[in-house]
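Structure at a glance
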Amino acid sequence: MLMNFLVKMFGKGGKKETSKKPSLLVETLEKINNIIDILNKKQEFLESKIQAETATIKKNGLRNKRVAIQALRRKKKFEQQLKQVDGTLATMELQKDTLEAARTNTVVCETLKLASDAMKSTTKNIDMDTLHEIMDELNEQQEVAKEIADVVSRPIFVGGDDDDELELELEELEQEELDREMMAIGIVSEELPSVPSVAVSGQASSSAQEDEQLKKLKEWAT
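A quick note: this is a predicted structure, and the numbers were derived from the prediction, not measured. (Residues numbered from 1 in each chain as written. Predicted model: local features only at pLDDT ≥ 70, side-chain atom pairs only at ≥ 80, totals over all residues. Heavy atoms only, no water.)

**What about the overall build of the protein chain?**
Along the backbone of the protein chain there are 7 helices and 0 strands. For the protein chain, the succession of helices and strands along the chain, N to C, is α-α-α-α-α-α-α. Counting over 222 residues, the protein chain shows a buried share of 11%. Excluding contacts between residues fewer than 6 apart, the proportion of contacts in the protein chain whose partners are at least 24 apart in sequence is 62%. Surface accessibility of the protein chain: about 19000 Å² in total, with carbon and sulfur atoms responsible for 58%. (Helix = DSSP H or I, 4+ residues; strand = E, 2+ residues; numbered from the N terminus. Buried < 20%, exposed > 50% of the residue type's maximum accessible area, 1.4 Å probe, protein only. Contact = heavy atoms within 4.5 Å. Areas by Shrake-Rupley, 256 points an atom, 1.4 Å probe, with all protein chains shown as cover.)

Now the structure itself:
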């Protein structure tokens, strides 16, 4: 899949000269893949040869030592070749992984560069002063909306009285209560028994006698 992606990225498009010839990276990866396929096939061939020589050794180990020794020599030769193939295969796979990682990193860098250019192209027409003005207007509208909500949420008093009117009404009620108390006191005083007039008359005559005596004393003194 990665090979197909790389071929599409670098084997097509662009100038006509480059469209006919893959890039060096793609060409190198294709060669590495071909070598890996050859090495895998050779690996399978050598493993089968080793198994066959092992079977020959077991079959002729005691009955025919010469055949067994020759089979053992061939087996060791195949094992040595297999070891070399395994080492070469590991090296080629490592190179393939390294090239693919490098190509991936390059694609990532190019993508990041495109993203950066796209971001610059998107934000270049944005005026910061205008943006600040828009934000200030939004904040102002938020404050207005808050004030409207506060006013709307206030309770409505229907038929409410002014404090001065309430105090005046309270004074009138207190005056009425005081008047009722005074009237009650007047009624009680009218019901009290009157003082006998005889005692009052006696006090008046006694005072007249004292005045007469004082008058006579003054005349005698003169």
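Further notes follow.
**Re the pattern of salt bridges**
As enumerated under the stated definition, the model contains 6 salt bridges in all. The partner of E27 in a salt bridge is K31, and the shortest N-O contact between them spans 3.8 Å. Of this pair, E27 and K31 are both found in helix α3 (residues 24-60), 4 residues apart, which corresponds to roughly one turn of the helix. By relative accessible area, which is 29% here, E27 ends up partly exposed. Here E110 makes a salt bridge to R103, at a shortest N to O gap of 3.6 Å. A residue is classified by how much of its surface remains accessible, and R103, at 9% relative accessible area, is buried. (Salt bridge = Lys/Arg side-chain N within 4 Å of Asp/Glu carboxyl O.)

**Quick look at the environment of Q70**
Inspection of the secondary structure puts Q70 in helix α4 (residues 65-123). Overall, the relative accessible area of 34% leaves Q70 in the partly exposed class. Measuring from C-alpha to C-alpha, the distance between Q70 and T56 comes to 9.5 Å, with 14 residues separating the pair along the chain.

**Topic: the packing of α3 against α4**
Between α3 and α4, the shortest axis-to-axis distance is 8 Å and the interhelical angle comes to 160°. As judged from the angle between their axes, α3 and α4 are roughly antiparallel. For the pair α3 and α4, the crossing hand works out as left-handed. Residue composition of the contact of α3 with α4, grouped by class: 19 nonpolar, 10 polar and 13 charged. (Axes fitted to C-alpha atoms, helices over the stretch in contact; angles between N-to-C directions. Parallel < 35°, antiparallel > 145°, perpendicular 65-115°, else oblique. Left-handed = near helix turned anticlockwise from the far one by under 90°. Nonpolar A, V, L, I, M, F, W, Y, C, P; charged D, E, K, R; others polar.)

**Some details on α4**
End to end, α4 covers 86 Å across 59 residues, agreeing with the expected 87 Å (1.5 Å per residue, within 8%). Listed in full, the buried residues belonging to α4 are A68, A71, K75, F78, L82, V85, L89, M92, E100, R103 and V107. (Expected span 1.5 Å × (residues − 1).)

**Looking at a nonpolar patch on the surface**
A contiguous nonpolar surface patch, about 530 Å² in accessible area, is contributed by I126, M128, L131, I134, M135 and L138. Turning to its location among the elements, I126 is positioned in the loop between α4 and α5 (128-152). Residue I126 is classed as partly exposed on the basis of its relative accessible area of 45%. (Patch = residues over 30% accessible without salt bridge, like charges linked within 9 Å, V, L, I, M, F, W, Y side chains within 5 Å.)

**Things to note about the nonpolar core**
Judged by nonpolar contacts, I32, I36, L39, L46, I50, F78, L82, V85, L89 and M92 together constitute the single largest core of 10 residues. Elements supplying a minimum of two residues to this core: α3 and α4. In contact with I50, not counting residues within four places along its chain, are K75, F78, E79 and L82. (Core = buried A, V, L, I, M, F, W, Y, C linked by side-chain atoms within 4.5 Å.)

**Description of a negative patch on the surface**
Taken together, the side chains of D164, E165, E167, E169, E171, E172, E174, E176 and D179 define an acidic patch exposed on the protein surface. In this structure, E176 sits in helix α6 (residues 163-191). Residue classification places E176 among the partly exposed residues on the basis of a relative accessible area of 41%. (Lys, Arg positive; Asp, Glu negative; His and termini not counted. Charge placed at Lys NZ, Arg CZ, Asp CG, Glu CD.)

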